[in-house]
Amino acid sequence: MSFALQTLRISRSHFKFRQIHTSLRAQHNPLGLPNANRGAPPTIPRKGGAISKRPIPHVKHVIAVASGKGGVGKSTVAANLAVALARQSVDGRNPRVGLLDLDIFGPSVPKLMGLEGLPPPELTKAGAIIPFSNHGLQCMSIGFMVPQTDDTAVVWRGLMVQKAAQQLLFDIDWRGHGGDGHPGLDLLVIDMPPGTGDVQLTLGQLVQVDGAVIVSTPQDVALIDAKKGVAMFRKVDVPILGLLLNMAHFTCSTCSTPHHIFGPLTSFHDAAESLKLKVLGELPITPFLSKDGDSGSPTTLRSGTEGSNQDVGEVQSVMNRVAQRILEDVQTRSCAN
């Protein structure tokens, strides 16, 4: 074998080793954080091993908003729920609320919260991510860490998705720029991706979650997957706070009669009864929810004449009741523990 051929083979082997090494580093630190092993999060337990859960740093209570089916308005519900929770009164003050987008492949929080086009988030001296803030909420999403163009996609396999979810859960300093002088969050609302895959298992197995809200639309095809979401959370011992029905009805501008565009709500209420879950609320179909989400200002933020529209008032009333019920449930569970 010639010296040149041997050199070429060695060079190719070295290049392949560097590719593998880079790939492994990316798998263990997909967000590219410095000091990525700082306060390493718990690891996913082996089959049959004990599940060890822990709190998210600087967060008192965690609420997951989930759905088995995509396209049911879960992210819109999560954003409006976070705003509604922040407007409640607890011990004479408004709770400190954050919103975490845990959808790796289809993040929506940057758009819904009016935080598009920002530079990458700053880091603390310890290498933790400092969340952005808008509308009185601390917000974080993987959408802040990838190029903000319409054709940019996150194309990762399961291991990198799992590790990215861990970093978003445990490597964010929810005290924000206040650092040591800030008490952190009272409530963190987590916008989950659809399905029952890696991200859901990572959250359910590693994090002490106070409860999950399952969002569905009235159709059987959505309810089938909603039931699977409930079963998954129960399997990893995450309490289900209740079901929330989105797109329940539409009220046209010329009458006051609700029209059930997707059919009667019988299947939804039957599902809630069979699952032994509360119905937290029923949201109407209204163009305001879509319009406000696209403009980066959730409907629950509207006030005065802006909130005088019947549909807007109904959305705000429903979300306010849902927020109150969740707070009561979380406080009751907290006292019981």
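Residues numbered from 1 in each chain as written. Predicted model: local features only at pLDDT ≥ 70, side-chain atom pairs only at ≥ 80, totals over all residues. Heavy atoms only, no water.

**Thoughts on the overall build of the chain**
Stage number 1. Scanning the chain from terminus to terminus reveals 9 helices and 8 strands.
Stage number 2. Looking at the chain as a whole, 48% of its 337 residues qualify as buried.
Stage number 3. The contacts in the chain between residues at least 6 apart in sequence include a share of 77% that link residues at least 24 apart.
Stage number 4. Total accessible area computed for the chain in this model is approximately 16,600 Å², and 53% of it derives from carbon and sulfur atoms. (Helix = DSSP H or I, 4+ residues; strand = E, 2+ residues; numbered from the N terminus. Buried < 20%, exposed > 50% of the residue type's maximum accessible area, 1.4 Å probe, protein only. Contact = heavy atoms within 4.5 Å. Areas by Shrake-Rupley, 256 points an atom, 1.4 Å probe, with all protein chains shown as cover.)

**Brief notes about the nonpolar core**
Stage number 1. If you look at the biggest cluster of nonpolar residues, it comprises 92 residues, and the most contacted ones within it are L100 and I190.
Stage number 2. Considering each element in turn, this core owes the most residues, 9 residues, to helix α2 (residues 74–86).
Stage number 3. Look past the residues within four positions of L100 in its chain and what remains in contact with it is M140, L168, L169, I172, W174, L188, V189, I190 and D191. (Core = buried A, V, L, I, M, F, W, Y, C linked by side-chain atoms within 4.5 Å.)

**Some words on the packing of aromatic side chains**
The geometry of an aromatic ring pair is captured by two quantities: the separation of the ring centres and the angle between the planes.
Stage number 1. Applying the stated rule across the entire model yields 1 aromatic pair.
Stage number 2. Between F132 and F144, the aromatic rings sit 4.8 Å apart at their centres with planes inclined by 75°, giving edge-to-face as the arrangement. Within this pair, whereas F132 is found in strand β3 (residues 132–134), its partner F144 is found in the loop between β4 (137–141) and α4 (158–170), the two being separated by 12 residues in sequence. (Phe/Tyr/Trp six-rings, centres within 6.5 Å; stacked < 30°, edge-to-face > 60°.)

**Structural notes on helix α7 (residues 266–275)**
Turn by turn, an α-helix covers 3.6 residues, leaving residues three or four places apart pointing in a common direction.
Stage number 1. Every buried residue belonging to α7 is among F268, A271, A272 and L275, and all of these are buried. Projection of α7 onto a plane perpendicular to its axis shows the buried side chains occupying an angular sector of 100°, all on one side.
Stage number 2. At its buried positions, α7 is contacted by α6 (220–235), β7 (240–245) and β8 (279–282). (Arc of directions from axis to C-beta.)

**Looking at the pattern of salt bridges**
Stage number 1. Going through the model one piece at a time under the given rule, you end up with 12 salt bridges.
Stage number 2. A salt bridge links K228 to D225, with the shortest nitrogen-to-oxygen separation between them at 3.7 Å. On the criterion of helical spacing, the pair formed by K228 and D225 is a turn pair, its members being 3 residues apart in helix α6.
Stage number 3. For D329, the salt bridge identified is with R333, shortest N-O distance 2.7 Å. With D329 and R333 both in helix α9 (residues 310–336) and 4 residues apart, this pair spans about one turn of that helix.
Stage number 4. Under the relative-accessibility criterion, R333 is labelled partly exposed at 30%.
Stage number 5. Beyond isolated ion pairs, a larger network of salt bridges with shared partners links K60, R93, R96 and D186. (Salt bridge = Lys/Arg side-chain N within 4 Å of Asp/Glu carboxyl O.)

**Some words on unusual backbone geometry**
Stage number 1. One non-glycine residue with positive phi stands out, namely D91, at about 55°.
Stage number 2. Inspection of the secondary structure assignment puts D91 in the loop between α2 and β2 (97–101).
Stage number 3. With relative accessibility at 77%, the residue D91 sits in the exposed group.

**Concerning the confidence of the model for the chain**
Stage number 1. For the chain, mean pLDDT is 86; residues scoring 70 or higher make up 85% of the total.
Stage number 2. Counting interchain partners and residues more than four positions distant, the pLDDT-below-50 stretch residues 7–24 has 1 contact. (pLDDT = per-residue confidence, 0-100.)

**Comments concerning the sheet that holds β3**
Stage number 1. If you walk across this open sheet you meet the 8 strands as β3-β4-β2-β5-β1-β6-β7-β8, and the pairing is mixed. Where the open sheet ends on each side, the last strands, each with one partner, are β3 and β8. Each strand of the sheet is rotated relative to its neighbour by a mean of 25°, with strand direction disregarded.
Stage number 2. Note: strand β6 (residues 211–216) against β7, 5 bridges, orientation parallel. Counterpart to S216 in the pairing with β7 is L245. (Pairing = 2+ DSSP bridges. Axes fitted to C-alpha atoms, helices over the stretch in contact; angles between N-to-C directions.)

**Considering the packing of α4 against helix α5 (residues 198–206)**
Stage number 1. At their nearest, the axes of α4 and α5 sit 9 Å apart, and the two run at 45° to each other. As judged from the angle between their axes, α4 and α5 are oblique. Between α4 and α5 the crossing geometry is right-handed. Mapping the contact onto sequence places G158, V161, Q162, A165, Q166, L169 and F170 in α4 and D198, V199, T202, L203 and L206 in α5. (Parallel < 35°, antiparallel > 145°, perpendicular 65-115°, else oblique. Left-handed = near helix turned anticlockwise from the far one by under 90°.)

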